[in-house]
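# Inside the fold
In case you want the letters, here they are:
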Amino acid sequence: MGVAEVSSQPVASTGIINSAAYSNGVRVADVPIDQASEVLRHRDRFVWIGLFEPSEELLERVQKQFGLHDLAIEDAHSAHQRPKLERYEDSLFVVLRTAHLAGTPHKLEFGETHIFVGRNYIVSVRHGSLRSHVGVRAKCESLPELLKQGPTFVLYALMDFVVDQYFPIVEGLEDDFEALEDQIFGEACSSKTTRNIYKLRRDLIALKRAISPLIEVCNRLTKFDIDLIPAESRPYFRDVYDHVMRINEMIDSLRELLATALESNLALISEQHTVQTKRLAAWAAIIAVPTMIAGIYGMNFTDMPELSWHWGYPTTIGLMAIFCGGLFIGFRRSGWL
């Protein structure tokens, strides 16, 4: 089969990133979508097609070439799927969720990668992900001894690429948590700190939903009930499984720390409110003494002691100052002021 050129139209309009045939671990031809089925006649070759947000018409063309199941095509077109692994007769359909931490403050963004795997083809469909898979293809092509394993090695490379991008994301969220710790224990607590903790917990829950299903996906890919995965490829999926477990444990640990941080933040806020209440009560008690004395002598009764005494006024003011000073010193020593 001769070398054919992929359409030169921009990816944005065609949805086709790359389409090529491989033999013995080496790229041998670029393959137009409508001619992909011809490559399948050669048992020593497989086709690797990469798509980005393809149209329904393009997916139908791919479906026709490889005989893909209607339900899988529908999922790949509509996106918004949870990570999963499904088998349709002689093919596998894998859904992965990609993630990206952008901006300051950090904002978590998700995309999806859908992968169709057969004995001599693999089709990846990318939705919303900002990171291209071109680097994965280049890496695989640089390892012809491993690429000889066929589509299953490409599936491993794609899964490994998607899973590994979670490590810097979790590390970025850990940095956010350290900043929150400084806010909680180094500054006056506020409702803003509580909102930031809640936002970080929400991001971790979203990550958990994206990574947890991959535990079962990787488990199934290492089992012998899926004959599409050759024995020599299963150790690679165990490696992905180990990475998924590490990320899952990192997320769980950070969620526990956040729960403790939220409790500490609420406790500190409550303590601040208690301190403010004590201060208000102390000042109210101090002010109550002169208020009481002034209130008594403001009743304007005729027969009241010391009304006509020459030193009555300065004595009263002095008593007010002495009582207020004594109360101030007492409250200061007790920590209320």
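One structure accompanies this document, and this report is about it.

## Quick word on the sheet that holds strand β6 (residues 107-117)
- Spatial strand order, β2-β1-β3-β7-β6-β5-β4: 7 strands in an open sheet with mixed pairing. Because the sheet does not close on itself, it has two edges, and the strands there are β2 (26-30) and β4 (84-88). Going from strand to strand, the sheet's axes swing by 25° on average, the running direction of each strand aside.
- Helix α9 (residues 191-211) contacts β5 (91-102) and β6 of the sheet and is inclined by roughly 5° relative to β6.

## Comments concerning the pattern of salt bridges
- Inspection of every chain in the model, using the stated rule, returns 9 salt bridges.
- A single salt-bridge network, built from bridges that share partners, covers R27, D30 and E141.

## Thoughts on the packing of aromatic side chains
- The final tally for this structure, using the stated rule, is 8 aromatic pairs.
- Between F93 and F116 the ring centres are 4.9 Å apart and the planes differ by 35°, which places this aromatic pair in the tilted class. A residue pair is termed long-range when its members are at least 10 positions apart, and F93 in strand β5 and F116 in strand β6 qualify at 23 residues. An identical accessibility class is assigned to F93 and F116; each is buried.
- Cluster of aromatic residues (ring-pair linked, three or more members): F153, Y156, Y236 and F237.
- Residue placement shows R137 over the ring face of W48; its charged tip is 4.1 Å from the ring centre.

## Quick look at a nonpolar patch on the surface
- Taken together, W283, I287, F328 and I329 make up a surface patch of nonpolar side chains, about 380 Å² in accessible area.
- Taken together, the elements giving at least two residues each to the nonpolar patch come down to α11 (234-296) and α12 (312-334).
- One can find I287 in helix α11.

## So, unusual backbone geometry
- Positive phi values are uncommon outside glycine, yet N24 reaches one of about 55°.
- Along the chain, N24 turns up in the loop between β1 (16-23) and β2.
- Judged by relative accessible area, which is 55%, N24 ranks as exposed.
- One non-glycine residue with positive phi stands out, namely E89, at about 50°.
- In this structure, E89 sits in the loop between β4 and β5.

## A word on the pairing of β2
- Relative to β2, β1 runs antiparallel, the two being bridged by 4 bridges. Directly across from S23, in β2, lies its bridge partner V26.
- Connecting β1 to the antiparallel partner β2 that follows it, the hairpin turn spans 2 residues, and N24 within it adopts a positive phi of roughly 55°.

## Considerations on the packing of helix α3 (residues 56-66) against helix α4 (residues 70-78)
- As a packed pair, α3 and α4 sit with axes 10 Å apart at the nearest point and diverge in direction by 150°. Between α3 and α4, the angle is such that the two are roughly antiparallel. Handedness of the α3/α4 crossing: right-handed. In this structure, α3 uses E56, L59 and Q63 to contact α4, whose residues at the interface are D70, I73, A76 and H77.
- When its residues are assigned to classes, the contact of α3 with α4 shows 3 nonpolar, 2 polar and 2 charged.

## Observations regarding the side chain of Q63
- Structurally, Q63 can be placed in helix α3.
- In this structure Q63 comes out as buried when scored by relative accessible area, which is 16%.
- Within the structure, the side chain of Q63 is placed 2.4 Å from the side chain of D70, a separation counted as a polar contact.
- When sequence neighbours within four positions are dropped, the list of residues in contact with Q63 reads L68, H69, D70 and I73.

## Observations concerning a negative patch on the surface
- A grouping of E171, D175, E178, E181 and D182 is seen on the molecular surface, where their side chains present a negatively charged patch.
- Along the chain, D182 turns up in helix α8 (residues 166-186).

Calculation criteria
Residues numbered from 1 in each chain as written. Predicted model: local features only at pLDDT ≥ 70, side-chain atom pairs only at ≥ 80, totals over all residues. Heavy atoms only, no water. Pairing = 2+ DSSP bridges. Helix = DSSP H or I, 4+ residues; strand = E, 2+ residues; numbered from the N terminus. Axes fitted to C-alpha atoms, helices over the stretch in contact; angles between N-to-C directions. Contact = heavy atoms within 4.5 Å. Salt bridge = Lys/Arg side-chain N within 4 Å of Asp/Glu carboxyl O. Phe/Tyr/Trp six-rings, centres within 6.5 Å; stacked < 30°, edge-to-face > 60°. Buried < 20%, exposed > 50% of the residue type's maximum accessible area, 1.4 Å probe, protein only. Lys NZ or Arg CZ within 6 Å of the ring centre and 35° of its normal. Patch = residues over 30% accessible without salt bridge, like charges linked within 9 Å, V, L, I, M, F, W, Y side chains within 5 Å. Areas by Shrake-Rupley, 256 points an atom, 1.4 Å probe, with all protein chains shown as cover. Parallel < 35°, antiparallel > 145°, perpendicular 65-115°, else oblique. Left-handed = near helix turned anticlockwise from the far one by under 90°. Nonpolar A, V, L, I, M, F, W, Y, C, P; charged D, E, K, R; others polar. Polar contact = N/O pair within 3.5 Å; in protein donor to acceptor, adjacent residues only side chain to side chain. Lys, Arg positive; Asp, Glu negative; His and termini not counted. Charge placed at Lys NZ, Arg CZ, Asp CG, Glu CD.

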